[in-house]
Amino acid sequence: MGGVLSAVLGGDAAAATTEGGSAEDSHVKSFHSSPRFQLHFNELKDSSKLVVIDFSASWCGPCKFIEPHIHAMAENFSDVEFIKLDVDQLPDVAKDFKVQAMPTFVLVKQGKEIDRIVGAKKDELEKKVKQYRA
């Protein structure tokens, strides 16, 4: 049924854009619609894959600072899914995850939050990704 819903709602290819244009440019998925994010998130619940959700905002200086590091991590850790969400575009998702500051990185496995990092703490984020990816 997920495939049917994906097709109706535009699927992963239409729902998730990548920063900088095409999928070849980046390994970070970006969602601009709550239903499409929720559909993708629900599909990940059966997976043991680590998912890092980056809650950011276009006006956030620390978010812009850490963005290149997120893209580098996404390239280095191909077994981890990186998702970027703009809190101004998806305020309901940010509220569901109780995001109160940007950037906030929520680490999720099988649909459940296992950790979070608040702030542009690239070394701490990389350490947590290495810890939880296995």
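Fair warning: this is a prediction, and the values are worked out from it, not measured in the lab.

Counting 20 residues, the largest nonpolar core has Phe37, Ile53, Phe55, Leu85 and Phe97 as its most contacted members. Other than its neighbours up to four places away in sequence, Phe37 contacts Phe31, Ile53, Ile83, Leu85, Val93 and Phe97. Counting 15 residues, the second largest nonpolar core, distinct from the first, contains Leu50, Ile66, Val80 and Phe82.

We now examine the packing of helix H4 (residues 61-76) against helix H6 (residues 122-132). Here H4 crosses H6 at 20 degrees, and the two axes come no closer than 11 Å. Overall, the two elements H4 and H6 adopt an arrangement that is roughly parallel. Classified by chirality, the crossing of H6 by H4 is right-handed. The segment H4 lies against H6, with Ile66, His69, Ile70 and Met73 engaging Lys122, Leu125 and Glu126. A breakdown of the residues in the contact of H4 with H6 according to their chemical character gives 4 nonpolar, 1 polar and 2 charged.

The subject of this paragraph is the pattern of salt bridges. Scanning the model with the defined rule gives 8 salt bridges in all. Between Lys49 and Glu81 there is a salt bridge, with its nearest N and O atoms 4.0 Å apart. In this pair, Lys49 is assigned in the loop between helix H3 (34-44) and strand E3 (51-56) and Glu81 in strand E4 (residues 81-86), connecting sequence segments 32 residues apart. By relative accessible area, which is 30% here, Lys49 ends up partly exposed. Ionic pairing is found between Asp115 and Lys128, a salt bridge with its closest N-O pair at 2.9 Å. Here the residue Asp115 occupies a position in strand E6 (residues 112-118), and Lys128 occupies one in helix H6, the gap between them amounting to 13 residues. Three or more residues joined by partner-sharing salt bridges are found here, namely Lys29, Lys49 and Glu81.

One pass over the structure, following the stated rule, counts 1 cavity of 30 Å³ or more. Volume-wise, the largest cavity comes out at about 30 Å³. Lining the largest cavity are Phe41, Leu44, Lys45, Lys49, Val51, Val108, Gln110 and Gly111. Its residues assigned to classes, the lining of the largest cavity comprises 4 nonpolar, 2 polar and 2 charged.

Here the focus is the confidence of the model for the protein. Per-residue confidence for the protein averages 86 on the pLDDT scale, and 81% of its residues sit at or above 70. Taken together, the stretch residues 1-15 has pLDDT below 50 and engages in 16 contacts with residues farther than four places along the chain or on a different chain. Scored below 50 in pLDDT, residues 18-25 makes 11 contacts in the model with residues more than four places away or belonging to other chains.

The computed volume of the largest pocket comes to approximately 160 Å³. Ser56, Ala57, Ser58, Lys84 and Asp86 are, among the 14 residues lining the largest pocket, the residues nearest its centre. Where the lining of the largest pocket is concerned, the elements lending two or more residues are strand E2 (28-31), H4 and E4. Classifying every residue of the lining of the largest pocket gives 4 nonpolar, 5 polar and 5 charged.

Analysis parameters
- Sequence order as written defines residue numbering, which begins from 1 separately in each chain.
- For this predicted model, a pLDDT threshold of at least 70 governs which residues receive local features, and a threshold of 80 or more governs which side-chain atom pairs are given and counted, while totals over whole chains, interfaces and linings are taken from all residues.
- In computing side-chain values, all of the structure's heavy atoms are included and hydrogens and water are not.
- Throughout, nonpolar core names a set of buried Ala, Val, Leu, Ile, Met, Phe, Trp, Tyr and Cys residues whose side chains join them through atoms within 4.5 Å.
- Three exposure classes are used, based on accessible area relative to the maximum for each residue type with a 1.4 Å probe and protein chains only: buried under 20%, partly exposed in between, and exposed over 50%.
- Note on definitions: a residue-residue contact is assigned when non-hydrogen atoms from the two residues lie within 4.5 Å.
- Lines fitted to C-alpha atoms define the axes here, with helix axes fitted over just the stretch in contact, and angles between the N-to-C directions of these axes take values from 0 to 180 degrees.
- A run of DSSP states H or I qualifies as a helix once it reaches four residues; a run of E qualifies as a strand once it reaches two. Both are numbered from the N-terminal end.
- Note on terminology: angles under 35 degrees are roughly parallel, angles over 145 are roughly antiparallel, angles of 65 to 115 are roughly perpendicular, and the others are oblique.
- If you view the pair so one helix is near and one far, a crossing is left-handed when the near helix is turned anticlockwise from the far one by less than a right angle, and right-handed when it is turned clockwise.
- Under the grouping applied here, Gly and all other residues not named as nonpolar or charged are polar, the nonpolar ones being Ala, Val, Leu, Ile, Met, Phe, Trp, Tyr, Cys and Pro and the charged ones Asp, Glu, Lys and Arg.
- Salt-bridge detection follows one rule: a side-chain nitrogen of Lys or Arg within 4 Å of a carboxyl oxygen of Asp or Glu.
- As defined here, a cavity is a set of points on a 1 Å grid over the protein atoms alone where a 1.4 Å probe fits but cannot get out. A pocket is an open set with protein on both sides within 12 Å along at least five of seven lines, and residues line them when an atom is within 4 Å of a point.
- Grid points are joined across faces, edges and corners, and a volume is the space filled by probe spheres set on the points.
- Values of pLDDT, ranging from 0 to 100, describe the predictor's confidence in every residue of the model.

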